[in-house]
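An overview of the molecular structure
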There are 2 protein chains.
Amino acid sequence: MNNRPLILVTNDDGITAKGIKALVEVASEFGEVVVVAPDSPQSGKGHAITLHSPLWLHKSNIFENIESYECSGTPVDCVKLAKHEVLKGRTVDLCVSGINHGSNASLNILYSGTMSAAMEASLEGIDSIGFSLMDFSYDANFEPSKKFIRHIIKEVLENGLQNTKLINVNIPNLPESEIKGIKICKQADGQWVEDFKTNIDPFGRKYYWMTGEFLNHDKSDNSDILALSEGYISIVPSAHDLTDYPALDKLKGLEI
Amino acid sequence: MNNRPLILVTNDDGITAKGIKALVEVASEFGEVVVVAPDSPQSGKGHAITLHSPLWLHKSNIFENIESYECSGTPVDCVKLAKHEVLKGRTVDLCVSGINHGSNASLNILYSGTMSAAMEASLEGIDSIGFSLMDFSYDANFEPSKKFIRHIIKEVLENGLQNTKLINVNIPNLPESEIKGIKICKQADGQWVEDFKTNIDPFGRKYYWMTGEFLNHDKSDNSDILALSEGYISIVPSAHDLTDYPALDKLKGLEI
């Protein structure tokens, strides 16, 4: 008999990343954990899916006593394979994605494989949480995050997500004692301004390598970027209906 | 002197696809067209960007008398390179993406490279339109679409998008005379139910190949799926703030 919740864990940094290990450790305190994660780093893959080539899925022994699989595809592919193959016929109580190495606040939700994996699970009707720590280094320290992730997972398992299905949790890179608390926020209105570094490859061809700077345009008092800058963990409840409803009437002139 | 509007054209099916050729032809009637499109098919790439490897950009002669570039990256990479390198310092008046081979109605906006390219341009403040024809075959017939695309581009160049920045246009695969008109719609609430085809690769390993069926859950009278099924072209004005605002108060219990 097993009445513990079933928790799917995935990420975009790949199954060997430190962040997913920390998340598996916390999630295991609450239920049966199954991991389906990419076999290689998939940062910035957004909501990409693999349509025109096959996918491979291999059992992994990376986490002791945890059923784990590594997948050749994107984070969203991982969730689709988890739902429709690995966990076919079973009810998934929660999907947690991360802990991402680096921020997914503001519009980064659009580019992030971590958030897209969580969003994909939410499209399947599964309560889903994406966790990100604001430190993109391989060796980021996830220990201070654990207490807060424990709190959030416990609350969501007990009380659900109140008609929303997806939350985007970002955690400042601070010692536990300096994290001031958790705030429910809106997605900050911001923008990336790209700066492409150029150089010549070994074949004499010019190449471009994307870098950029994030500009926060949001002046509201409840944006995720503001909360993070003040030392709070931000939680943005997120939807996947992109319809700009106020525009429906305004664009009637396009109809024929 | 050149006062014609500057129109950026991109897609996700690649610079050699029939759909982008049709779109370049129509866009050229209205302004100076610059094409930056992927050098290979990028369907389903969503909002993926290339962070961890370089990008290449080559001048292309594929369209006569049109400044064109093919890029090794994703559709979103193409738009970023177009804005920050190819067209650096110039004001882009409109970005059109497509014509996609296949529908991007309902939640397909999340998976679609075509729509993500248009969305990326809209994040840069550029009025943007994604066009999709409901026929995913290589040899799809884009001729009946042209009259309607002409109407939409003309209207948007003359009147703008009224505070929205992005519209998702889907066109039924019908003869021109059977297309009933154009309707402004909401994104239908639907879901993909995956079915993975499995087989054994030449190395003896099991592989999975994604297929699926779209389920429309939307009962409203103004969804894009409904309009398309009735023979109308659907236009969904789309946003990129994913915040689920009604949930902001409901989730206050998560705060500490």
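Residues numbered from 1 in each chain as written. Chains lettered and ligands numbered in written order. Predicted model: local features only at pLDDT ≥ 70, side-chain atom pairs only at ≥ 80, totals over all residues.

For chain A, the helix and strand inventory stands at seven helices and 11 strands. Compactness check: chain A gives a C-alpha radius of gyration of 19 Å against a globular reference of 18 Å for 256 residues, within 12% of the reference. If one aligns the C-alpha atoms of chain A with their principal axes, the spans along those axes are about 60 × 50 × 50 Å. The proportion of buried residues among the 256 residues of chain A is 52%. Counting only contacts in chain A whose residues sit at least 6 apart along the sequence, the fraction spanning at least 24 positions is 77%. (Helix = DSSP H or I, 4+ residues; strand = E, 2+ residues; numbered from the N terminus. Rg over C-alpha atoms; globule rule 2.2 N^0.38 Å. Buried ≥ 20, exposed ≤ 12 C-beta atoms within 10 Å, placed from the backbone. Contact = placed C-beta atoms within 7 Å.)

Let us now look at the pairing of strand β5 (residues 94-101) of chain B. Residues and elements named next belong to chain B. Most of β5 sits out of view: eight of its eight residues are buried. Bridge count between strand β1 (residues 6-10) and β5: four bridges; the pairing is parallel. Its bridge partner being in β5, valine 9 is matched across the sheet by valine 96. Note that β5 and strand β6 (residues 128-133) share five bridges and pair parallel. Bridge pairing links serine 97 to glycine 130 in β6. (Pairing = 2+ DSSP bridges.)

When chain B is fitted to chain A, the residual RMSD is 0.0 Å, and the transformation amounts to a turn of 180 degrees plus an axial shift of 0.0 Å. Both copies of the chain, as the preceding transformation shows, are related through a two-fold rotation axis. When the interface residues of chain B are mapped onto chain A, 100% of them again lie at the interface, so the same face is used by both copies. (Least-squares fit on C-alpha atoms with pLDDT ≥ 70 in both.)

Below, the discussion takes up helix α2 (residues 75-86) of chain B. Most of α2(B) is tucked away, with nine of its 12 residues classed as buried. Of the residues making up α2(B), those classed as buried are Pro75(B), Val76(B), Asp77(B), Cys78(B), Val79(B), Lys80(B), Leu81(B), Ala82(B) and Lys83(B).

All names here are of chain A. Direction vectors running N to C along helix α2 (residues 75-86) and helix α4 (residues 113-123) enclose 30 degrees, while the axes themselves pass 8 Å from each other. Viewed along their axes, α2 and α4 adopt a mutual orientation that is roughly parallel. Seen along the crossing, α2 lies across α4 with a hand that is right-handed. Across the interface between the two elements, Pro75, Val76, Cys78, Val79 and Lys80 from α2 touch Gly113, Thr114, Ser116, Ala117, Glu120 and Ala121 from α4. (Axes fitted to C-alpha atoms, helices over the stretch in contact; angles between N-to-C directions. Parallel < 35°, antiparallel > 145°, perpendicular 65-115°, else oblique. Left-handed = near helix turned anticlockwise from the far one by under 90°.)

In this section: the sheet that holds strand β2 (residues 32-38) of chain B. Adjacent strands of a sheet form backbone hydrogen bonds with each other and so pair up, either parallel or antiparallel. All names here are of chain B. Ordered by their spatial adjacency, nine strands build an open sheet running β3-β4-β2-β1-β5-β6-β7-β11-β8, and the pairing between neighbours is mixed. Looking at which strands have only one partner, the edges of the open sheet turn out to be β3 (57-60) and β8 (181-184). Strand-to-strand, the axes of this sheet are offset by a mean angle of 20 degrees, without reference to chain direction. Pairing of strand β7 (residues 166-171) with strand β11 (residues 232-238), which is carried by five bridges, proceeds in the antiparallel orientation. The partner of asparagine 170 across the bridge, within β11, is serine 234. In this fold helix α4 (residues 113-123) packs onto β1, β5, β6 and β7, with an angle of close to 170 degrees to the strand it touches most, β6.

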